[in-house]
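Fold and geometry: a report
Here is how the chains run, residue by residue.
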Amino acid sequence: MGSDAVLAALAGTAGVGRAGDLVAPEIVRVPSSVGALFPHGGPLAGSVLACEGPAAWSLAAAVVAPSVAAGTWMLIIDVATAHACTVEPEALSEAGVPLERVVRVTADTAGSVHVIDLVIAGLEGFGVVLLVDPGSLTGAAERRLRRRLVDRGAMVVVVRPHQLGRRVTRGAAADAVMSTSVIGVDGIGEGWGRLMSRRVMVSASGRRMHGGRHVEISLPDESTGGVSAPDTWP
Amino acid sequence: MTPPATSPSCRLLTVWFPDWAAECLAGNDPAIVFHRDRVIAATAPARAAGVVVGQRRRMATARCPSALTPSRDIDTEHRCFAAVIDALCDLVPGVDVIDAGHVVLDVKGPAQYFGGEARVITRLVEQVLPGVVPAGVSPPAVGVGTSLATSAVAALRSHRAGHPVVEPPGDTRWRDGVQLIELVATGDVDADTADVLSRVGVRALGDVSALGAAAMSDRFGHIGARLYRLSVGDDPRRPVIHVPADAPAVHRSFEPPLADTTPVIFAAREAVIDLLASPAMHGRICTGALIEFGTEHAESNRRGWFRNEGLTSTALVDRVRWQLDAWVRRPGAITAAITTVSVIITDTADDVGASQRLWGGRGTTDDAAQRAAARLGALVGPDRVTVPEWCGGRLTGQRFAWVPAAAAMHADPDLDRARVTPGGGLWPGAVVRPAPNSVPVHPVAVEVCGADGTPVIVGGRGDLNTTPATVRLAGSEHVVVWWAGPWPVTERWWEPRRRRLARLQVVFDDGTAHLLAVERRRWSIVGSYA
């Protein structure tokens with residue numbers, strides 16, 4: 001190759017590409033069984049995940065546990081508290097979430113502060129935001145959220161729990177929607193034993209997940225090593 | 001890899017353009033560059049109007065309303081600064097790039113060649129730099145010291161004094177007079193540490209050296225030990241001209257040679273990721289690196305990069321890109337395709353984590369979370385921002401309570417951990433793991449019936465009158481597939497407010513599982529395995 005041609009070729013390509021485009025995307029740490037659902041082996045930092053179905057809470061706890069255990073703080077924004085349920089810290093702890101790095105804020109949907117403002121304020125200090133049944137978000141609010149999420153490299157997990165007697169609302173568009181269906185239970189029978197875990201089929205769909213992916217996992221996952229009060233069954 | 005300590009005869013020269021970020025973009029026009037609404041650089045006209053670094057955006061724009069406020073463009077800063085680096089590299093062999101507008105070079109050899117440090121400085125300021133610095137950029141601050149830290153402090157003082165500042169070789173009094181607040185400005189000490197030390201009367205490096213190595217190390221850990229080394233002129237960081245023999249390195253060769261920068265950067269990216277993940281870097285972070293390119297005509301480009309806070313893979317690839325970009329754009333510098341790229345780690349530091357603080361206390365992430373919690377409290381009210389606290393108990397929803405974060409969050413992680421650690425003995429009769437992960441704010445009343453519609457009753461001996469078959473809730477009926485229990489519990493049997501209830505686990509046909517409780521023959525859902 002002639003020198004002039006080389007120079008021209010090199011000069012023409014100078015300055016192309018940013019490190020952000022070139023460096024491998026930052027993958028959020030999740031259990032390997034859940035990571036198998038994602039093309040990169042886990043969700044990308046700055047993404048929105050949604051957990052739905054009868055095991056939504058268990059799945060969400062399993063997804064966030066490794067990040068919080070690694071030092072990230074988690075914020076739970078509980079929008080549904082006024083009319084339904086609240087998260088039980090003991091279950092989070094059993095899933096491996098260190099409770100000392102968990103903060104919960106209960107949002108009043110009738111109040112003047114929009115839930116998106118809470119999420120954005122939370123992203124200033126929390127790496128993981130668990131958003132419980134937030135309802136629908138406007139396009140502008142979602143764009144604001146996404147900009148901030150990408151800036152912070154944080155993760156938002158939207159939990160849309162299956163609740164008796166209530167329809168599940170569709171919320172913000174997620175990068176990945178993980179739907180759960182229970183295919184079996186362990187430990188419990190007709191009048192004997194106790195519920196130890198559930199075998200859950202998780203179906204993921206969303207961006208870059210063409211055709212959907214499925215994985216069967218056990219929730220709660222005993223391998224997470226969560227800390228809980230001593231077992232003292234009657 | 002153990003970096004060599006600075007020798008007493010080490011002489012480092014810092015060239016620093018404090019307002020490079022603004023002046024390379026706007027030159028002689030009034031301009032201010034902000035970061036997080038604080039001034040980080042301003043051109044001379046803006047400074048003349050009263051704008052200073054650290055000022056809030058509102059105040060700065062009020063002082064100089066006509067100023068441009070361009071967004072910070074790090075790529076452009078480095079592209080403009082490449083000519084300055086090239087000119088310096090022509091003068092001295094070892095140049096460490098700290099940032100755009102900030103370099104450190106080993107001046108010992110050039111001083112011997114040119115006849116003294118003063119002549120090197122004069123040559124730099126009067127002959128070399130004016131030819132390559134864009135119009136409108138203020139003259140640089142120039143400082144000479146025996147270590148990176150004192151050299152940076154000398155440059156800081158030079159910026160204030162308006163003339164080069166030189167640390168006299170062999171004179172410890174100058175070093176002893178370096179204030180910790182100056183080291184905060186140069187990034188060698190964090191502000192909190194300096195604040196703590198100043199409150200106990202340690203304000204200058206002389207005070208630190210007077211305390212002694214053992215006292216500093218015992219009381220302030222690795223930060224104290226490092227400060228003591230700085231105070232006696234034993235800065236472990238050195239310019240990259242001195243590459244340790246056992247330095248971790250990666251080399252990539254290209255066959256055929258590459259006439260495109262993009263694949264070179266890609267290859268460097270892969271190499272850097274491998275390098276930082278290598279066992280040699282276990283527990284350490286890269287703070288200095290040497291990046292070198294070669295062509296098939298044996299041309300090479302070699303540059304050292306340094307960053308106190310550490311060079312991540314992204315930061316290293318950024319530097320590869322900046323260096324390659326500048327080399328390719330330099331007229332006559334490259335006449336053939338690229339054949340090699342090498343990345344050598346020349347300096348490392350213990351990976352103590354950005355979040356760790358004095359005595360292992362709360363770190364930056366903890367502080368940020370606490371600030372964010374306070375901000376949320378201001379938005380929704382402090383009572384609505386809560387943290388979990390272990391209370392103990394047998395019943396679901398009672399074992400942990402959500403208490404206001406403002407009162408319960410501590411400044412000490414150990415106390416926070418104690419807050420959520422189950423203790424206070426065993427609780428016989430409590431629900432074993434897994435605990436329900438969703439608890440109704442108020443128990444949801446349900447009817448539990450047998451196959452023939454008979455209400456299920458728990459007898460005095462803890463037995464059921466019939467097998468649970470359906471659960472009716474708000475007009476809907478759910479079929480019970482699996483069930484276990486009942487498990488009776490009597491609380492405070494010795495008190496008038498005693499409670500006697502029984503719990504039952506049920507799994508519905510839709511896969512949902514719940515914990516039911518019956519008290520005074522009234523069933524309710526007290527928890528859900530959601």
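Residues numbered from 1 in each chain as written. Chains lettered and ligands numbered in written order. Predicted model: local features only at pLDDT ≥ 70, side-chain atom pairs only at ≥ 80, totals over all residues. Heavy atoms only, no water.

1. What to know about empty space enclosed by the protein
Convention followed: Definitions used throughout: a 1 Å grid over protein atoms alone; a cavity as a set of points that fits a 1.4 Å probe which cannot get out; a pocket as an open set with protein on both sides within 12 Å along at least five of seven lines; a lining residue as one with an atom within 4 Å of a point. Grid points are joined across faces, edges and corners, and a volume is the space filled by probe spheres set on the points. To qualify as a helix, a DSSP run of H or I must reach at least 4 residues; to qualify as a strand, a run of E must reach at least 2; elements of each kind are numbered from the N terminus. Three residue categories are used. Nonpolar comprises Ala, Val, Leu, Ile, Met, Phe, Trp, Tyr, Cys and Pro, charged comprises Asp, Glu, Lys and Arg, and polar comprises the others, including Gly.
For the structure on display, the rule yields 4 cavities of 30 Å³ or more. In this structure, the largest cavity occupies an estimated 210 Å³ of space. Lining the largest cavity are 21 residues; nearest its centre among them are S58(A), A91(A), A95(A), P220(A) and N437(B). Those elements that provide at least two residues to the lining of the largest cavity are α4 (56-69), α5 (89-94) and β8 (193-206) of chain A. The element best represented in the lining of the largest cavity is α4(A), accounting for 4 residues. Each residue belonging to the lining of the largest cavity can be placed in one class, and the counts come to 13 nonpolar, 4 polar and 4 charged.

2. Considering the interface of chain B and chain A
To keep things clear, this is the line we draw: Two residues form a contact once any of their heavy atoms are found within 4.5 Å. Two parts lose some accessible area (1.4 Å probe) when they are put together, and adding that loss for both gives the buried area. We define a salt bridge as a side-chain nitrogen of Lys or Arg found within 4 Å of a carboxyl oxygen belonging to Asp or Glu. Any pair of nitrogen or oxygen atoms within 3.5 Å is treated as a polar contact; in protein, a donor-acceptor pairing is required on top of that, and neighbouring residues in sequence qualify only through side-chain atoms on both sides. Whether two strands pair comes down to DSSP finding at least two bridges between them.
Taken residue by residue, the interface counts 87 residues in chain B and 78 residues in chain A. Counting the surface lost from both chain B and chain A, the interface buries some 7,200 Å², and carbon and sulfur atoms represent 65% of this. Measuring nitrogen to oxygen at the nearest pair gives 2.8 Å for the salt bridge that ties E90(A) to R399(B). Here chain B and chain A share 14 residue pairs in polar contact (both at pLDDT 80 or more) between them. Of the strand pairs in this sheet, strand β4 (residues 102-106) of chain A and strand β12 (residues 385-390) of chain B are connected by 2 bridges, and their pairing is antiparallel. Each bridged residue has a counterpart across the sheet, and for R104(A) the counterpart in β12(B) is T386(B).

3. Considerations on the pairing of strand β9 (residues 284-295) of chain B
All names here are of chain B. Where we set the bar: Buried, partly exposed and exposed residues are distinguished by accessible area as a fraction of the type maximum, computed with a 1.4 Å probe on protein chains only: under 20%, between the cut-offs, and over 50%, respectively.
Among the 12 residues of β9, 9 are classified as buried, and the element is accordingly described as predominantly covered. Two elements, β9 and strand β10 (residues 300-306), share 7 bridges in a ladder whose sense is antiparallel. When the sheet's bridge partners are listed, A289 is paired in β10 with W305.

Geometric descriptors of this kind do not, in isolation, establish any biological role.
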